[in-house]
Every structure is written in C-alpha cells, then in structure tokens.
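# Structure assessment
Residues per chain, in single letters:
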Amino acid sequence: MITVVAMSVLAQGVLLPEDLAKQVDPKRMRAVVEKLASWHDRNTNNPGLTEAANWMAEQYRQIPGLQVEIMKYTLPKMARVSEEKEVVQVIAVLPGETDRRILVSGHIDTINMVERGLGGHAPGANDDASGASVALELARVLSQKKWKNTLVFCAVSGEEQGLYGSKALADRAVRENWKIDAMLNNDIVGSSGNKNGQKDDKHIRVFSTDPAVPLARGEAPTRVQESRELARLIEFVNRKAVSGFGVKLVFRADRFGRGGDHTPFWQAGYSSVRFTEANEEYSRQHTPDDLPEFVDWKYLGNVARMNLIAMANLADADAPPTNVRVDRTQGHDIKITWTAKPGARYTVYWRDTTSPVWQDSVRVGEASSYEAKKMSKDDLVFAVGAVGGIPVEAK
Ligand SMILES: [Zn+2]
C-alpha cells in the first residue's frame, strides 16, 4: 500500500494525555519528598534505607492494579560497606496487554560525603527523593488506565555506592529476558535554581548516550539500544504537549565525572535516558543541606508531567517498525518504506541533517510506505515510528 501525503499535512502523531497530566499533584509529591527526607539518612548500608523502602512499598501497595515487590540483591564489601550484605529496593509493575516494558525510576538511597563514616545526616530531598516521588506519582496517575505495554515503577537503592541497585535490576532484566523499550531515570529533578544565581524553571535536561558508545565489557549487543532516539522522542512529544515547559537535550551519557541508574541499562543494550534539572547546586548534593526547602514543587510537578507524557506515549505504542528504508534512487521526491505490523499505526518524522530534534512529522495510519514531493533525501534524515513509540531512522 502506498500513501501519498502532501507536505502541508502535519498531523501531530502524539498522544496528548491532558486529562492525566492535570492529575499530577505537586502537593502529593511534596508529602513523599518530605517523608523520605525525614529519615536521618537512607544510606544503603544503614537501617534507614530498609525503613524507607518499606514505606515506599506501602505507598505503591495502596495503588490498585500494581504488583509490588521488595527486590533483594547483594551489596558487595567495599569502602564504607564492612561486609557483603543483602539490601532492598522497590519494584512495582502495572501489567499491560503486552510484555514490552517501560520503566521509570528514581533512587531512594542517600549519602553524606562531607563527614567521615556512615553516620552523617543525609536527607537527600533532591538527590533523589525528587526522582522517587516522580515514579510514584506516575504510578498513581497512570494506573487509572489500561495500557498496551507493561509499566514498571522503581525506587532503587545502592546508587550512591556505585549504581548497584539498578545494575542488579538490569542484570535481572537480561537474565529474565525482559523486553524493555525504554528506561527513564529521574535523578536530581526538583530544583530550578542554584546559589550561583542561575535559574531555569522551564526546562529539564535529558542526557542520552550515543548508540556508537560501546556496550559494557566490549560485548556484542544482543539488543539495540537507541537512547538518543528515545531522547528525541521525549523532546518531540513534550514539545507538542506541554506549554511553557520543555526538554533540553544533552547528547552525553551523563555529566562529567558522574553516572546514574540509566547507565547499567544502556550498557545492557536497553534504551535509557537520565533527567536532571537545568541548574544543579552541587553543595546541596551528598550533604546535610539537601533539604526539602530547596525543592521547587511546581518545577517538580512539571517534571512529572513531562515524564507522564513520554511514558503514556510509549505505554500505548506498538512495536517499532523493521526494515525502514529510504529509496536511494536519484530524484526530487522521497519514498520511505517499512515492514508494518497488521493493525499498527505509524508516524513519519524528518529533520535537517544538522538538527538535533525532529522538526516535523506526519501520521500515516496503517501504511507501510510514505511518499512526498519535493523533499530531498540528501538534505533530510527520516524515521518511522509506531505512534508514540521510538522512531527508527530510515537507512
Ligand atoms: Zn542521585
């Protein structure tokens, strides 16, 4: 089947879950952050972590439809961990029609790096009760609807010791052959300004690694991670959806010298990105000053809405198309073809070769090809995605 669509027809091709986005409640998120910050610390080595994990599990259990698990894994002996020990984190699953999974995560553990030993006050309101509250808020809102794909909400631990909780989860995903389309890591997402006088309450940064970055241990990938394409999709659906709040793409795996819970996932071949506020205040990370009073609740609510719009699109998306090709014959027009799944609907995207973001799209329904007049395949990059799903670049 061939579909000819004029260039001027610009359908959105995006799910705009405004009814759900309106239900994101910054007051409810504030209560979560304040509760988590009320523990003296949530160091993975200390009892506070287990108590906080149990409290988070209880919050998830109150949401109808979720399967809540306290996942155990082993924290190895290392500096500041006197002996190998079993620790916990929380995983809550909202089953969908398919076993393809979308993950959203924040870490509940904290650390104090300014005092020696493990006894320092570490409230971790922004790093990372803010991210944990985003995942919980998404569970509360998104669980009201049935979705095509399975949604997984995570409150992981062991992050501050070296990403141990997310590594245990990514290893388990590989072992159990989880089909993960996307993993969204929220870490330090609650403050819109810093002591340096920089303020930006209109953007969240999205860090994504290049697909060309080799996977862990130089192994051949068994899955194709397209973290960059996931980041572009998140930017695109949010540009169409939220007015006054946007996504700033950063084409780096993370900030200099830093890592996050998305890292073990992209290293295992899953598409994953990190969300972090635009202007961090480093003196309020890993110190007793990481307090709720420095969290901007309105900003945190907008971050949750941005996550929700991305997750809702991914949650109802069909599997990505395969064999996405651009017809290489010389000419003034373009033709894109792909292998379509019966019943699936697709969106075609394009951008200038120098543009970091998709500039336009057209929804083409159940087509398996797209033709347009007077578009140059030499000057543009094309991609095709299932509606709401990660686009696949036409080669
Ligand atoms: Zn963190």
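This report concerns the structure included in the present document. (Residues numbered from 1 in each chain as written. Predicted model: local features only at pLDDT ≥ 70, side-chain atom pairs only at ≥ 80, totals over all residues. Heavy atoms only, no water.)

### Thoughts on the pairing of strand β8 (residues 272-277)
The element β8 is largely enclosed, with a buried count of six among its six residues. The pairing of strand β5 (residues 179-186) with β8 spans four bridges and is parallel. What sits directly across from Asn186, in β8, is Phe275. Across four bridges, strand β6 (residues 203-207) lies against β8 in antiparallel orientation. Pairing of Val206 across the sheet is with Phe275, part of β8. (Buried < 20%, exposed > 50% of the residue type's maximum accessible area, 1.4 Å probe, protein only. Helix = DSSP H or I, 4+ residues; strand = E, 2+ residues; numbered from the N terminus. Pairing = 2+ DSSP bridges.)

### A few points about the pattern of salt bridges
All told, the structure shown has 23 salt bridges when counted by the stated rule. The salt bridge partner of Arg61 is Glu58, with a shortest N-O separation of 3.2 Å. In this pair, Arg61 and Glu58 both sit in helix α3 (residues 47-61), three residues apart, roughly one turn of the helix. Relative accessible area serves as the criterion here: at 36%, Glu58 is assigned to the partly exposed category. In the salt-bridge network here, residues are joined through shared partners; they are Asp187, Arg205, Asp254, Arg255, Arg274 and Glu280. (Salt bridge = Lys/Arg side-chain N within 4 Å of Asp/Glu carboxyl O.)

### A short note on the environment of Arg345
Structurally, Arg345 is set in the loop between β10 (334-339) and β11 (346-352). The partly exposed category is assigned to Arg345, whose relative accessible area is 39%. Here the alpha-carbon distance between Arg345 and Ile390, two residues 45 residues apart in the chain, equals 13 Å. Once you skip the residues sitting within four places of it in the chain, Arg345 turns out to touch Asp318, Arg363, Gly365, Glu366, Gly385, Ala386 and Val387. (Contact = heavy atoms within 4.5 Å.)

### Examining the coordination of the zinc ion
Coordination of the zinc ion by the protein comes from His107 (NE2), Asp127 (OD), Asp187 (OD) and Asp187 (OD), over a distance range of 1.9 to 2.6 Å. Here the donor residues of the zinc ion are spaced in sequence according to H-x19-D-x59-D. Note that His107 is positioned in strand β3 (residues 100-107) and Asp187 in the loop between β5 and β6, a separation of 80 residues in sequence. In this structure His107 comes out as buried when scored by relative accessible area, which is 0%. Take Asp187: its relative accessible area is 1%, and that puts it in the buried class. (Donors = N, O, S within 2.8 Å, 3.2 Å for Na, K, Ca; no water.)

### Description of the sheet that holds β5
Ordered by their spatial adjacency, eight strands build an open sheet running β1-β2-β4-β3-β5-β8-β6-β7, and the pairing between neighbours is mixed. The open sheet terminates on both sides in strands that have one partner only, identified here as β1 (67-75) and β7 (246-250). Across the sheet, the mean angle from the axis of one strand to that of its neighbour is 25 degrees, orientation sign disregarded. Pairing of β3 with β5, which is carried by six bridges, proceeds in the parallel orientation. Across the sheet, Ile102 pairs through a bridge with Ala182, a residue of β5. Helix α4 (residues 125-142) rests against β2 (85-94), β3, β4 (150-156), β5 and β8 of the sheet, and its axis sits at about 145 degrees to β3. Relative to β1, helix α6 (residues 164-175) is tilted by about 110 degrees, and along the sheet it contacts β1, β2, β3, β4 and β5. (Axes fitted to C-alpha atoms, helices over the stretch in contact; angles between N-to-C directions.)

### A few points about the nonpolar core
Counting 74 residues, the largest nonpolar core has Met56, Tyr60, Leu142 and Phe153 as its most contacted members. The element contributing the most residues to this core is helix α9 (residues 297-315), with 13 residues. Among all residues touching Tyr60, those that are not within four sequence positions of it are Leu66, Val68, Val90, Ala92, Ala132, Ala135, Leu136, Ala139, Phe153 and Cys154. (Core = buried A, V, L, I, M, F, W, Y, C linked by side-chain atoms within 4.5 Å.)

### Thoughts on unusual backbone geometry
Of the consecutive residues Asp127 and Asp128, the connecting peptide bond is found in the cis state with omega at 10 degrees. Here Asp128 lies in helix α4. Phi at Ile188 takes a positive value of approximately 65 degrees, unusual for a residue other than glycine. Structurally, Ile188 can be placed in the loop between β5 and β6.

### Considering the packing of aromatic side chains
Per the counting criterion, the structure on display carries seven aromatic pairs. On the numbers, 5.6 Å between centres and 70 degrees between planes, the contact of Phe245 with Tyr299 is edge-to-face. Here Tyr299 lies in helix α9 and Phe245 lies in the loop between α7 (227-241) and β7, a separation of 54 residues in the sequence. Taking the relative accessible area as the measure of exposure, Tyr299 reaches 1% and is therefore buried. Taken together, a centroid distance of 6.3 Å and an interplanar angle of 45 degrees make the contact between Trp350 and Phe382 tilted. On the criterion of sequence distance, the pair formed by Trp350 in strand β11 and Phe382 in strand β14 (residues 380-386) is long-range, its members being 32 residues apart. Since its relative accessible area comes to 2%, Phe382 is described here as buried. Pairwise contacts between aromatic rings join Phe236, Tyr349 and Trp358 into one cluster. Over the face of the ring belonging to Trp147 we find Lys145, whose NZ or CZ atom lies 4.1 Å from the ring centre. The aromatic ring of Trp358 is capped on one face by Arg351, whose charged end is 4.8 Å from the ring centroid. (Phe/Tyr/Trp six-rings, centres within 6.5 Å; stacked < 30°, edge-to-face > 60°. Lys NZ or Arg CZ within 6 Å of the ring centre and 35° of its normal.)

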